[in-house]
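These are the residues of each chain, in order.
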Amino acid sequence: MSISPVLAFYAAPLIAIWSAYAISRHKAEARAVAQRDEAIDAGLGEPTSLHPIIDPVLCIGCKACLKACPEGDILGLINNKAQLIEPSNCIGHGACKTSCPRGAISLVFGTATRGVDLPVTGPNFETNVPGLFIAGELGGMGLIRNAIEQGRQATDAIVAKTKASSRPDVLDVVIIGGGPAGISASLGAMEKGLRFTTVEQDTLGGSVAHFPRGKVVMTAPATLPIVGDTNFKEVSKEKLLAFWQDVVRKTGLRINFQERVLAVEATSGGFSVKTTRTSYVSRTVLLAIGRRGTPRRLGVPGEDSAKVMYRMIDPEQFRGKHVLVVGGGDSALEAAASLAEQPGTRVTISYRSGAFARAKTKNRQRVEEARAAKRLEVLLNSTVACIGTDTVDLLHLDLPIQRRNDTVIVCAGGILPTDFLKSMGIAIETKYGTA
């Protein structure tokens, strides 16, 4: 049986196109499987925030969710079904759910094996403690645009619930946190004429200030009280921080930086808020502190020295210095590798375990390349014993060693504020893969 020349003429390019498509799809799936397996091997197979779950029965593999995700390769197609391949990097944008034409995607907190603790709040962001409100990331929403909106709405709820104080020594609200939700709430308080104070344990931007340089942090416009629409759809960390600095300057907003809250206690008719500087009496309190909590400390002599820090923003500021990085996660490895690239910088990374098991392959490779090039000293199975003025003492394989040192950067993670919330009487609910 012979094939018609006309049929062959039309069939050949169609077969070529289909073959190219099949090969491309196979390569894309192989990359997705490799990324997923790499994340699991690095101990990063569990999402830490709001994230999608995909119903494989409803998913048709159309890639709409992949294209909609502004964070990049968070989702991938495996066996023609969408899956999370970079779970720990998902921050709950929700664009995947909106884009799905079949309704196959739901957004949930936690998984069946890893619960996520969240404070219980009502639709007006008030907790079970009357007068105590929560907005932003602490409530489980990692998206900056949502945090901004929640900060504004929480202020509106405070105004609706609370009459302005007639006593000059009593505030209407203490806003804790200078990130997206805290800035928005503070501007809302200004707009409503409330008597308020905003405190931030770190610097302007809260958690955003800790993001890597150049990271895109907003992918949709938002509306701020007093300021109005932000008028940008995609913005990097640096541009957003510069925008907020301009907002603070133009509006006259005052935020007390480097002031950490130690305790919040209910009193008759309000709250007493004790900080590292003073105490405030307020009718209400709004928590907008994020989920990163307080940096985990080493608990060794000398840690209170000014040369000890818990984040690195710009590696160039340490050029020519002797720097010790403590930790074994991605943030520690990224910091150590970036520092090792600076001319004249001598870098040592100390980690208590025998391997960087909970870091991505690319970061482990960067560290290994820097070590092989003798730009980075790696001390596994080591701990910091004492931080001196010009040196740092460590225990390496149970033997004492000393290194010259100008700066110590501790990347040991943060202590989630669960105990802090419970100390105020706020109810906590653990989510295991539920909305």
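Here, the structure is the one placed above.
Residues numbered from 1 in each chain as written. Predicted model: local features only at pLDDT ≥ 70, side-chain atom pairs only at ≥ 80, totals over all residues. Heavy atoms only, no water.

**Q** Residues and numbers for the overall build of the protein chain, please.
**A** Secondary structure assignment for the protein chain yields nine helices and 27 strands. Projected onto the principal axes, the alpha-carbon positions of the protein chain cover approximately 100 × 60 × 40 Å. Here the protein chain holds 435 residues, and the buried ones make up 44% of them. A gap of 3 Å separates the mean positions of the 51 positive and 41 negative side-chain charges of the protein chain. (Helix = DSSP H or I, 4+ residues; strand = E, 2+ residues; numbered from the N terminus. Buried < 20%, exposed > 50% of the residue type's maximum accessible area, 1.4 Å probe, protein only. Lys, Arg positive; Asp, Glu negative; His and termini not counted. Charge placed at Lys NZ, Arg CZ, Asp CG, Glu CD.)

**Q** An account of the sheet that holds strand β22 (residues 382-387) is requested, with residue identities and associated values reported.
**A** Spatial ordering of the open sheet is given by β22-β23-β24, a layout of three strands whose pairing is antiparallel. With partners counted over all chains shown, the strands left at the sheet margins are β22 and β24 (399-404), one partner each. Within this sheet the neighbouring strands show an average axis-to-axis angle of 30 degrees, counted without direction. (Pairing = 2+ DSSP bridges. Axes fitted to C-alpha atoms, helices over the stretch in contact; angles between N-to-C directions.)

**Q** Can you explain the packing of helix α4 (residues 144-161) against helix α5 (residues 180-192)? Please cite residues and give values.
**A** Between α4 and α5, the shortest axis-to-axis distance is 7 Å and the interhelical angle comes to 35 degrees. Classified by chirality, the crossing of α5 by α4 is right-handed. Contacts from Ile144, Ala147, Ile148, Gly151, Arg152, Thr155, Asp156 and Val159 of α4 reach α5 at Pro180, Ala181, Ser184, Ala185, Gly188, Ala189 and Lys192. (Left-handed = near helix turned anticlockwise from the far one by under 90°. Contact = heavy atoms within 4.5 Å.)

**Q** Tell me about the nonpolar core, and please be specific about residues and values.
**A** Within the largest apolar cluster, 32 residues are counted, with the highest numbers of intra-cluster contacts made by Val173, Ile175, Leu240, Trp244 and Leu286. The leading source of residues in this core is α4, at six residues. Look past the residues within four positions of leucine 286 in its chain and what remains in contact with it is Phe133, Ile134, Ala135, Ala154, Ile158, Val173, Val174, Ile175, Ile176 and Ala185. (Core = buried A, V, L, I, M, F, W, Y, C linked by side-chain atoms within 4.5 Å.)

**Q** If you had to explain the side chain of glutamate 86 to someone new, which residues and values would you point to?
**A** Its location among the elements puts glutamate 86 in the loop between β3 (81-84) and α3 (95-99). A distance of 3.4 Å separates a polar atom in the side chain of glutamate 86 from a polar atom in the side chain of glutamine 35. Once you skip the residues sitting within four places of it in the chain, glutamate 86 turns out to touch Gln35, Ala39, Asp73, Ile74 and Lys360. (Polar contact = N/O pair within 3.5 Å; in protein donor to acceptor, adjacent residues only side chain to side chain.)

**Q** Give me the lowdown on the packing of aromatic side chains, citing residues and values where you can.
**A** Scanning the model with the defined rule gives one aromatic pair in all. On the basis of an interplanar angle of 20 degrees and a centroid distance of 5.6 Å, the ring pair of tyrosine 351 and phenylalanine 356 is categorised as stacked. Across this residue pair, the class does not change: tyrosine 351 and phenylalanine 356 are buried. (Phe/Tyr/Trp six-rings, centres within 6.5 Å; stacked < 30°, edge-to-face > 60°.)

**Q** Account for helix α8 (residues 361-372), naming residues and giving values.
**A** Taking 1.5 Å of rise per residue, twelve residues should cover 16 Å, and α8 covers 16 Å from first to last C-alpha, within 8% of that figure. Within two residues after α8, lysine 374 carries a phi angle of roughly 60 degrees, on the positive side. (Expected span 1.5 Å × (residues − 1).)

**Q** Describe the environment of phenylalanine 420, with residues and values.
**A** Relative to the helices and strands, phenylalanine 420 is located in helix α9 (residues 418-423). Sequence separation of phenylalanine 420 and alanine 30 is 390 residues, and the distance between their C-alpha atoms is 44 Å. Filtering out sequence-adjacent residues up to four positions away, phenylalanine 420 remains in contact with Val261, Leu262, Ala263, Val264, Leu287 and Ile289.

**Q** Go over helix α6 (residues 237-251), please, and point to the residues and values.
**A** The end-to-end C-alpha distance of α6, which contains 15 residues, comes to 21 Å, matching closely the 21 Å that a straight helix rising 1.5 Å per residue would cover. Along α6, the residues that are buried comprise Lys237, Leu240, Leu241, Phe243, Trp244 and Val247. Each buried residue of α6 sits inside an arc of 155 degrees when the element is viewed along its axis, so together they form one side. Those residues of α6 that are exposed and angled more than 90 degrees off the buried face are Lys239, Arg249 and Lys250. Where α6 terminates, the next one or two residues include glycine 252, which has phi positive at roughly 80 degrees. (Arc of directions from axis to C-beta.)

**Q** Lay out the sheet that holds strand β25 (residues 407-410) in plain terms, naming residues and giving numbers.
**A** The strands making up a sheet are joined through hydrogen bonds of the backbone, oriented either antiparallel or parallel. Taken in spatial order, the five strands line up as β18-β25-β19-β20-β21 in an open sheet, and their pairing is parallel. Strand pairing shows two members of the sheet lacking a second neighbour, β18 (308-309) and β21 (376-380), which therefore form its edges. Packing of helix α7 (residues 330-340) onto the sheet brings it into contact with β19 (322-326), β20 (346-351), β21 and β25, and relative to β20 it is tilted by some 165 degrees.

**Q** If you had to explain unusual backbone geometry to someone new, which residues and values would you point to?
**A** With a phi close to 55 degrees, asparagine 79 is a non-glycine residue in the positive phi region. Examined against the element boundaries, asparagine 79 turns out to sit in the loop between β2 (75-78) and β3. Look at asparagine 79 and you get exposed, because its relative accessible area is 61%.

**Q** Give me the lowdown on the side chain of histidine 322, citing residues and values where you can.
**A** Positionally, histidine 322 belongs in strand β19. Overall, histidine 322 belongs to the buried group, its relative accessible area being 18%. Those residues in contact with histidine 322 that sit more than four places away from it in its chain are Arg346, Arg404, Asn405, Asp406 and Thr407.

**Q** Report on the pattern of salt bridges, specifying residues and quantitative values.
**A** Taken as a whole and assessed by the stated rule, the structure comprises 14 salt bridges. Its salt-bridge partner being aspartate 246, residue arginine 249 comes within 2.3 Å of it at the nearest N-O pair. Taken together, the residues span about one helical turn, with arginine 249 and aspartate 246 both in helix α6 at a distance of three residues. Several salt bridges share partner residues, and in doing so they unite Glu149, Arg152, Asp156 and Lys192 into one network. (Salt bridge = Lys/Arg side-chain N within 4 Å of Asp/Glu carboxyl O.)

**Q** Can you explain the packing of α5 against α6? Please cite residues and give values.
**A** At their nearest, the axes of α5 and α6 sit 12 Å apart, and the two run at 20 degrees to each other. The orientation of α5 with respect to α6, classified from their angle, is roughly parallel. Crossing of α5 against α6: the hand is left-handed. Touching Pro180, Ile183, Leu187 and Met190 of α5 are Trp244, Val247 and Thr251, all from α6. Split into classes, the residues belonging to the contact of α5 with α6 amount to six nonpolar, one polar and no charged. (Parallel < 35°, antiparallel > 145°, perpendicular 65-115°, else oblique. Nonpolar A, V, L, I, M, F, W, Y, C, P; charged D, E, K, R; others polar.)

**Q** Kindly report on the environment of leucine 224, identifying the contributing residues and their values.
**A** Relative to the assigned elements, leucine 224 resides in strand β10 (residues 223-224). For leucine 224, a relative accessible area of 3% translates into the label buried. When the C-alpha positions of leucine 224 and alanine 373 are compared, they lie 49 Å apart, and in sequence the two are 149 residues distant. Filtering out sequence-adjacent residues up to four positions away, leucine 224 remains in contact with Ile148, Ser184, Leu187, Thr230, Phe243 and Trp244.

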